[in-house]
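Survey of secondary and tertiary structure
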Amino acid sequence: MTDQTTDRGGAAQARTHPFVPYRPSRVEQTEAIARGRQFLELLETRRSVRSFAADPVPGELIELAVATANTAPSGAHHQPWKFVAISDPAIKHRIREAAEHEERINYDGGRLPDAWRSALAPLETNADKSYLDIVPWIVVVFAEKSTPLADGSLRKNYYVNESVGIACGLFITALHTMGLATLTHTPNPMAFLTDILGRPATERPYILFPIGYPTPDCEVPDLHRKPLTEALEHFPNR
Ligand code: IYR
């Protein structure tokens, strides 16, 4: 093993990340299909929820979900995300008030274009975000356009949307695995989250996740996922 790499000109440079062996064990095909099916079956039961119980959720579950999100691949491995976890009722209430203020302008003040309103109509969403007071946790994800370094300089990040989007997907999957429900809420414009949570200008609010258990009488729209024949194409066609 060496901690030097050689560029095309032949000059040696220090390696920031020395390379280490990666030898994950091969999963035999029957076992792979069984595991894939089981994982799919679990994720088929995931639904976005807007009706949350006040039941407490241990902070350790939130930490596990963020640790899972933190495994996401990212542009240049800069990991341009920050997950801010809130359980304080006063802060949750401030977030609710500000989110409802924006959503009232969206829904009732005509900010949502007509086509958008019609697309949302079947989901029966509205400006009421009372769940933000009820849920035991709100996690707000921030995307870091750049990251301040210890020496005071700013490191530019790459593929920020892609990286943070993937991290959020893993986060949602981890929550569901632990029996928790959430909702990808984007109460646009979301600048109020920067103010309330005191985030730096290098970050922008990305998604707000209320997290908890669904109420016993929770209902969700009877949505169906498009069949694999629509989600997947082989090229060239088989
Ligand atoms: N942010 C609003 C509107 C909304 C937009 C989309 I696109 C949705 O899929 C659902 C809602 C709200 O949360 O109500």
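The structure under discussion appears in the preceding block.
Quantities reported herein were computed from a predicted structural model and do not represent experimental measurements.

Attention now moves to the site of the ligand. With respect to spatial proximity, the complete set of residues near the ligand consists of Arg 50, Glu 103, Tyr 107, Trp 116, Leu 120, Asn 126, Lys 129, His 185 and Thr 186. Between the ligand and Glu 103, the relevant distance is 2.9 Å, taken from a nitrogen atom to a side-chain nitrogen or oxygen of the residue. Between an oxygen atom of the ligand and a side-chain N or O atom of Tyr 107, the distance comes to 2.4 Å. Expressed as a share of its isolated accessible area of 370 Å², the protein-covered part of the ligand is 72%.

On to the environment of Val 140. Its location among the elements puts Val 140 in strand S4 (residues 137-144). Spatially, the C-alpha atoms of Val 140 and Ile 86 are 8.1 Å apart, while their sequence positions differ by 54 residues. If near-sequence neighbours (up to four positions away) are discounted, Val 140 is found in contact with Lys 82, Phe 83, Val 84, Ile 86, Leu 193, Leu 197, Ile 207 and Leu 208.

Attention shifts here to the sheet that holds strand S3 (residues 81-86). With respect to topology, 4 strands assemble into an open sheet ordered S3-S4-S8-S7, the strand pairing being antiparallel. The strands lining the two open edges of the sheet, one partner per strand, are S3 and strand S7 (181-182). Taken together, the 8 bridges between S4 and strand S8 (residues 203-212) define a ladder with antiparallel strand orientation. Looking at S8, one finds that Glu 144 is bridged to Glu 203.

Take the pattern of salt bridges next. Taken as a whole and assessed by the stated rule, the structure comprises 6 salt bridges. In this structure, a network of salt bridges that share partners links the residues Arg 96, Glu 100 and Asp 133.

Attention now goes to the packing of aromatic side chains. Summed over the entire model, instances satisfying the criterion amount to 3 aromatic pairs. Pairwise contacts between aromatic rings join Phe 83, Phe 171 and Phe 209 into one cluster. Over the face of the ring belonging to Phe 142 we find Arg 199, whose NZ or CZ atom lies 5.7 Å from the ring centre.

Conventions and cut-offs
Residues numbered from 1 in each chain as written. Predicted model: local features only at pLDDT ≥ 70, side-chain atom pairs only at ≥ 80, totals over all residues. Heavy atoms only, no water. Near = heavy atom within 4 Å. Polar contact = N/O pair within 3.5 Å; in protein donor to acceptor, adjacent residues only side chain to side chain. Areas by Shrake-Rupley, 256 points an atom, 1.4 Å probe, with all protein chains shown as cover. Helix = DSSP H or I, 4+ residues; strand = E, 2+ residues; numbered from the N terminus. Contact = heavy atoms within 4.5 Å. Pairing = 2+ DSSP bridges. Salt bridge = Lys/Arg side-chain N within 4 Å of Asp/Glu carboxyl O. Phe/Tyr/Trp six-rings, centres within 6.5 Å; stacked < 30°, edge-to-face > 60°. Lys NZ or Arg CZ within 6 Å of the ring centre and 35° of its normal.

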